[in-house]
Every structure is written in C-alpha cells, then in structure tokens.
Amino acid sequence: MASKDSGPDKSSDGDFSKQAEMAQQGIVGEFVDYLRDNKKWWLTPIIVVLLLVGLLIVLGGTAAAPFIYTLF
C-alpha cells in the first residue's frame, strides 16, 4: 500500500530556519559565490572592465572630468 508521507522532512525545516536566520550576503558576495560554484572565473575581467568604463562615464560628467581627459 501507499506509505504515509504526512509532510515535509523535519530536517529540511531545520536547515531552512537556520539559513533564514543567517545574515544575507550582498550582491558582491553573491556574485563571488556564483563565480566560485560555477567556475566562471573568465567573467571577472569582463565585469571589471565594464565597471571601469561605467566609472569613467560617471566621472566624465563631474568636476573630475578635466583630470580624466588628460589621461587620454
């Protein structure tokens, strides 16, 4: 006959509540965990270059623009 499965396993409830009480990671920590777990380290230089270009664009509209333009 059918086995009695009255509900979820009690050990999984304990794991869930333990993880819910832990401090949440930030976006950088999540990204590093993703890179480490999925072995996608080749994405790191792409992300770094995109962040640097974005920083240059943001700083290009500020008072730091004359100093940035002298670098090029």
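Bear in mind that the values here come from a model prediction, so they are computed numbers and not experimental data.

Participant: How should I be thinking about the overall build of the chain in this particular structure?
Facilitator: Helix and strand counts for the chain stand at 4 helices and 0 strands. Counting only residues that meet the buried cut, the chain has 6% of its 72 residues in that class. When the accessible surface of the chain is totalled, it reaches about 6,700 Å², and 67% of it is carbon and sulfur.

Participant: So what exactly am I meant to see when it comes to the pattern of salt bridges here?
Facilitator: Any two side chains of opposite charge can pair, given that their charged atoms come close. A complete count under the given rule lists 1 salt bridge for this structure. Where Arg36 meets Asp33, a salt bridge forms, and the shortest distance between an N and an O atom there is 2.7 Å. With Arg36 and Asp33 both in helix 2 (residues 27-38) and 3 residues apart, the pair spans about one turn of that helix. A relative accessible area of 46% places Arg36 in the partly exposed class.

Participant: Explain helix 2 here, please?
Facilitator: Two residues of an α-helix separated by three or four positions point the same way, owing to the 3.6 residues in each turn. For helix 2, built from 12 residues, the straight-helix expectation of 16 Å at 1.5 Å per residue is met to within 8% by its first-to-last C-alpha distance of 16 Å. Positive backbone phi, at 55 degrees, marks Lys39, one or two positions downstream of helix 2.

Participant: Hey, could you run me through the confidence of the model for the chain in this one?
Facilitator: Low pLDDT means the predicted atomic positions in that stretch should not be read closely. With 82% of its residues at a pLDDT of at least 70, the chain reaches an overall mean of 79. When pLDDT is averaged over each helix and strand of the chain, the minimum, 73, is found for helix 1 (residues 10-21) and the maximum, 89, for helix 3 (residues 43-60).

Participant: Please explain unusual backbone geometry as it appears in this structure.
Facilitator: Residues apart from glycine generally show negative phi values, whereas peptide bonds are mostly found in trans. Of note, the phi angle at Lys39 is positive, near 55 degrees, even though the residue is not glycine. Position of Lys39 among the secondary structure elements: in the loop between helix 2 and helix 3.

Participant: Teacher, can you tell me more about a nonpolar patch on the surface here?
Facilitator: A contiguous nonpolar patch, built from Ile27, Val28, Val32 and Trp41 and spanning about 440 Å² of accessible area, is present on the exposed surface. Looking at the secondary structure, you find Ile27 in helix 2. Residue classification places Ile27 among the exposed positions, given a relative accessible area of 73%.

So, how was this worked out
- Residues numbered from 1 in each chain as written.
- Predicted model: local features only at pLDDT ≥ 70, side-chain atom pairs only at ≥ 80, totals over all residues.
- Heavy atoms only, no water.
- Helix = DSSP H or I, 4+ residues; strand = E, 2+ residues; numbered from the N terminus.
- Buried < 20%, exposed > 50% of the residue type's maximum accessible area, 1.4 Å probe, protein only.
- Areas by Shrake-Rupley, 256 points an atom, 1.4 Å probe, with all protein chains shown as cover.
- Salt bridge = Lys/Arg side-chain N within 4 Å of Asp/Glu carboxyl O.
- Expected span 1.5 Å × (residues − 1).
- pLDDT = per-residue confidence, 0-100.
- Patch = residues over 30% accessible without salt bridge, like charges linked within 9 Å, V, L, I, M, F, W, Y side chains within 5 Å.

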